[in-house]
Amino acid sequence: MSAHKLIDGKAAAARVLLQVREDVARLHGQAIQPALAVILVGSDPASQVYVRNKILRAEEVGIRSVEHRLPSDTSTEQLLILIGQLNADPAIHGILLQLPLPAQMDELRALEAIAPDKDVDGFHSQNVGGLSQGRAVLTPCTPSGCLYLLEQTCGDLRGKHAVVIGRSNIVGKPMAALLLKADCSVTVLHSRSHDAQALCRQADIVIAAVGRARLIDASWLKPGAVVIDVGINRIDDDGRSRLVGDVDFDSALPHVAAITPVPGGVGPMTIAFLMKNTVAAALAQHHALRSQSEAVCHSIY
Ligand SMILES: NC(=O)C1=CN([C@@H]2O[C@H](COP(=O)(O)OP(=O)(O)OC[C@H]3O[C@@H](n4cnc5c(N)ncnc54)[C@H](OP(=O)(O)O)[C@@H]3O)[C@@H](O)[C@H]2O)C=CC1
Ligand SMILES: Nc1nc(=O)c2c([nH]1)NC[C@@H]1CN(c3ccc(C(=O)N[C@@H](CCC(=O)O)C(=O)O)cc3)C=[N+]21
């Protein structure tokens, strides 16, 4: 096993979380208690596992977390009321609405209702727009985690050809925006791409976010490519359920310079960056409040 080729997402996430824990301790010292509200609608088993992991991680670093579970027949209006309450609550700094929502709900409307400065997922159009302009805004956690791993693995990303497979709002599109910001040349592939495989073979860096178990094998990869596998697919393996990525790990390994495993790659990074965003949101809200009250004092005296 070529251990040196493995990009260890668990270890990298632990490093990010250590920094977050120190930042939280500093905020505690200023009497600020960063807090994250997690909203889970319905009872999708995978979502329940993710939400539990997020809450555990928050506790470990000293972030207060509040879980809101709503039944699967909740209306969009009912969800908007809860989001409105959390937006107005000064003790809540981050709001995460776990996706996917049940089919009857209007996902876009709900995401747009979250106050942009509490949008720790970076899905609000104001943050999406800010990212595409290259501004420092709350940025989606999974692509941020991928970029961190790439910077650690490749060092300088400038001028590299990155191919992103997938164009979702959660992963593919913000990933492309971040890579562009890092001066990569970026190609985005999707289900309508002609000869995706041949395009992918030109990549120095491959980010697979497709949601198809082991789709990408060695025939998609240029020798020496760096591969980040975002996919989380549960498959039946001889009667036992297990997680695999969008990349056929065993086929890819001999061809690549480095690759993330699944599990233990991008997943832990997503959660670490959610915590980082929550702390950033708490700090920004505290500063905004302070300058607001300073402005008020100024106008009074
Ligand atoms: N590790 C983590 O932290 C996270 C992991 N994930 C995982 O990442 C994967 C992707 O998630 P997400 O982006 O939400 O998925 P979506 O289903 O929203 O998007 C999948 C994308 O892949 C494209 N696609 C599908 N088939 C092909 C194909 N044969 N060739 C090229 N492109 C194709 C689709 O194209 P089109 O647009 O044309 O339909 C679409 O853009 C999933 O396995 C998910 O579980 C997601 C979030 C976080
Ligand atoms: N609003 C919203 N924001 C999200 O960021 C979001 C979401 N909704 N919906 C679902 C996807 C998926 N996602 C994952 C997070 C962590 C792991 C993770 O920690 N995975 C572990 C394994 C976990 C296991 O064993 O099941 C690993 O890869 O090592 C996986 C997937 C965040 N998502």
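This text goes with the structure placed above it.
Rules and cut-offs
Residues numbered from 1 in each chain as written. Chains lettered and ligands numbered in written order. Predicted model: local features only at pLDDT ≥ 70, side-chain atom pairs only at ≥ 80, totals over all residues. Heavy atoms only, no water. Pairing = 2+ DSSP bridges. Helix = DSSP H or I, 4+ residues; strand = E, 2+ residues; numbered from the N terminus. Contact = heavy atoms within 4.5 Å. Axes fitted to C-alpha atoms, helices over the stretch in contact; angles between N-to-C directions. Buried < 20%, exposed > 50% of the residue type's maximum accessible area, 1.4 Å probe, protein only. Lys, Arg positive; Asp, Glu negative; His and termini not counted. Salt bridge = Lys/Arg side-chain N within 4 Å of Asp/Glu carboxyl O. Polar contact = N/O pair within 3.5 Å; in protein donor to acceptor, adjacent residues only side chain to side chain. Near = heavy atom within 4 Å. Areas by Shrake-Rupley, 256 points an atom, 1.4 Å probe, with all protein chains shown as cover. Nonpolar A, V, L, I, M, F, W, Y, C, P; charged D, E, K, R; others polar.

What follows covers the sheet that holds strand E4 (residues 161-165). Reading across the sheet, the five strands line up as E5-E4-E6-E7-E10 and stay open at both edges, with parallel pairing between neighbours. The sheet is open, and its two borders are formed by strand E5 (185-189) and strand E10 (258-259), each paired with just one other strand. Note: strand E7 (residues 226-229) against E10, two bridges, orientation parallel. The residue of E10 that forms the bridge with Val227 is Ile259. Relative to the sheet, helix H6 (residues 141-154) contacts strand E6 (205-208), E7 and E10, its axis offset from that of E7 by approximately 160°. Each of E4, E5 and E6 touches helix H7 (residues 172-181); the most contacted strand, E4, lies at about 170° to it.

Note that Lys118 resides in the loop between helix H4 (107-113) and helix H5 (125-132). Buried charged residue Lys118 carries no salt bridge. Nearest counter-charge: Asp89, at 6.0 Å. There is a polar contact of 2.9 Å between the side chain of Lys118 and the backbone oxygen of Ile92. Residue contacts for Lys118: discarding those within four places in its chain leaves Leu86, Asn87, Ala88, Asp89, Ile92, His93, Gly94, Ile95, Leu138 and Gln285.

With that settled, the discussion passes to the site of ligand 2. Taken together, 16 residues surround ligand 2, and among them Leu97, Gln98, Leu99, Asp121 and Gly264 come closest. Note that a nitrogen atom of ligand 2 is positioned 2.8 Å from one of the backbone N or O atoms of Leu99. Measuring from a nitrogen atom of ligand 2, one finds a side-chain N or O atom of Asp121 at 2.6 Å. Calculation on ligand 2 without its partners gives an accessible area of 680 Å², and the protein chains cover 81% of this total. Elements supplying a minimum of two residues to the shell around ligand 2: helix H2 (45-61) and helix H10 (266-300). Ranked by the residues each element gives to the shell around ligand 2, the list is headed by H10, at four residues. For the shell around ligand 2, a count of residues per class yields nine nonpolar, four polar and three charged.

Everything listed here is a matter of coordinates, which is why it stays silent on function.
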